[in-house]
Amino acid sequence: MNKQHIMPVKRTIIYVMSDKRSGSTLLENILSKSDETVSVGELALLKNHIFREGAGFRWDWNCSCGSPVKECVFWSKILEGMDLDSPTFNTKIRWNFKSNRTLAGSILTPVFKGTLQNIDKYKINADTIHTLYAIYRKIFDFTGKNFIIDSSKNPVQAYMLYRHKPADIDVKIIGLKRDLRAIAASKRKWNNLNNKDVNKSLGWLLRNSFLYNKICGQVLKLVNAGDKLLINYEQLATDTQPQLDKVVRKTGLQPYKAPQYMHVEDDDHTIAGTPQRFTKKPIKYDNSWEEAYNQKPVLSFVGKIMNKL
Ligand SMILES: [Zn+2]
């Protein structure tokens, strides 16, 4: 028996941080296969799903089990006794990616720190942190598990959770990187599917993905080395086990065998995430995004450079 079996495990939030379309649902699904974890999906979107507004239209804001969140066997228990109509019940940190300050901060660390200090002063964000930790505690108690996988992605939410973690709960941030050109192409496809922002060009989406990735990088700079990990989607999809082993070592999970399929189990109750996860599919690298750049060699070259910056 190894040492980890003897040491009591501290309750831990494993937070998946990334841009959209970067494989966060895949990583979340892989981590949900451990006996020690419970995966909640994108907890930041819980309030949207309760009130059926904002992102989530494509799956009618239902939990992954198919029930509306308020009627789901898991979430109805977790939310029991919480005042969902209170203005202090919030699950998403407020910040503005598109403000000039945030965009400047993506490159300039001191500016970013100032922006975070301002975001931290909003009462609504203090309420959100309070709500999120109340929910996490109920999930720990209800499930008896010591690890919660939260794939909210949002980097500022990651930072605020990390900064305000209570003494008895650990927060580990797993950053997920993907080729920016793939993210931009996938976002455009997704926008078209959702009939949203259909006029945004590939170049514009590439620029935004670059800046968003920079913000994720700024957040990681503010996290202690022992609490953060950066992995590549491409490696995760092609050679899953070594990447999973890295997460296991960083978080204190017991090692386990990586799944070969991405698949949502009947007893999973996750919020949001890509609907693709409902079809059981082998985990493999998808290069179909490359077609989007067939006629755009210059943009593809620029994107390649951006990946290295
Ligand atoms: Zn459910």
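Before reading further, recall that the structure is shown in the block above.
On a predicted model such as this, the values are computed, not experimentally measured, just so you know. (Residues numbered from 1 in each chain as written. Predicted model: local features only at pLDDT ≥ 70, side-chain atom pairs only at ≥ 80, totals over all residues. Heavy atoms only, no water.)

## Here we look at the coordination of the zinc ion
Around the zinc ion, the donor atoms from the protein are Cys63 (SG), Cys65 (SG), Cys72 (SG) and His269 (ND1), and they sit 2.1 to 2.4 Å away. Considering all four donor atoms around the zinc ion, the spread of angles at the metal, 97 to 118 degrees, places the coordination shape in the tetrahedral class. Each donor residue of the zinc ion belongs to the same chain, and together they define the spacing C-x1-C-x6-C-x196-H. A residue pair is termed long-range when its members are at least 10 positions apart, and Cys72 in the loop between helix H3 (46–51) and helix H4 (75–79) and His269 in the loop between strand E6 (261–262) and strand E7 (281–282) qualify at 197 residues. As far as burial versus exposure is concerned, Cys72 and His269 are alike and both buried. (Donors = N, O, S within 2.8 Å, 3.2 Å for Na, K, Ca; no water. Tetrahedral: all angles 85-135°; square planar, octahedral: opposite > 155°, others 65-115°. Helix = DSSP H or I, 4+ residues; strand = E, 2+ residues; numbered from the N terminus. Buried < 20%, exposed > 50% of the residue type's maximum accessible area, 1.4 Å probe, protein only.)

## Brief notes about the layout of surface pockets
Approximately 310 Å³ is the volume attributed to the second largest pocket. Taken together, 14 residues form the lining of the second largest pocket, with Ser32, Thr37, Val38, Asp267 and Asp268 sitting closest to its centre. Sort the elements by how many residues they give to the lining of the second largest pocket and strand E2 (residues 37–41) lands first, with three residues. Its residues assigned to classes, the lining of the second largest pocket shows two nonpolar, six polar and six charged. (1 Å grid on protein atoms, 1.4 Å probe; cavity = no way out; pocket = protein on both sides within 12 Å on 5 of 7 lines; lining within 4 Å. Points joined across faces, edges and corners; volume = space filled by probe spheres on them. Nonpolar A, V, L, I, M, F, W, Y, C, P; charged D, E, K, R; others polar.)

## Brief notes about empty space enclosed by the protein
By the definition in use, this model includes one cavity of 30 Å³ or more. Here the largest cavity is characterised by a volume of approximately 30 Å³. The wall of the largest cavity is formed by Ser24, Thr25, Glu28, Gly41, Glu42, Ser151, Ile271, Ala272 and Gly273.

## Quick notes on the nonpolar core
By size, the foremost hydrophobic cluster in this structure holds 66 residues, and its most contacted members are Leu46, Trp75, Leu79, Ile135, Tyr136, Ile139 and Ile173. Residue contacts for Trp75: discarding those within four places in its chain leaves Val40, Leu43, Leu46, Cys63, Val69, Ile135, Ile139, His269 and Ile271. With 23 residues, the next largest nonpolar core counts Leu229, Leu236, Leu244 and Met262 among its residues. (Core = buried A, V, L, I, M, F, W, Y, C linked by side-chain atoms within 4.5 Å. Contact = heavy atoms within 4.5 Å.)

## Remarks on unusual backbone geometry
Positive phi, close to 50 degrees, is recorded for Arg52, a residue that is not glycine. Within the secondary structure, Arg52 sits in the loop between H3 and H4. Residue classification places Arg52 among the partly exposed residues on the basis of a relative accessible area of 33%. Even without glycine at this site, Lys153 takes up a positive phi of about 75 degrees. Take Lys153: it is sitting in strand E3 (residues 147–153).

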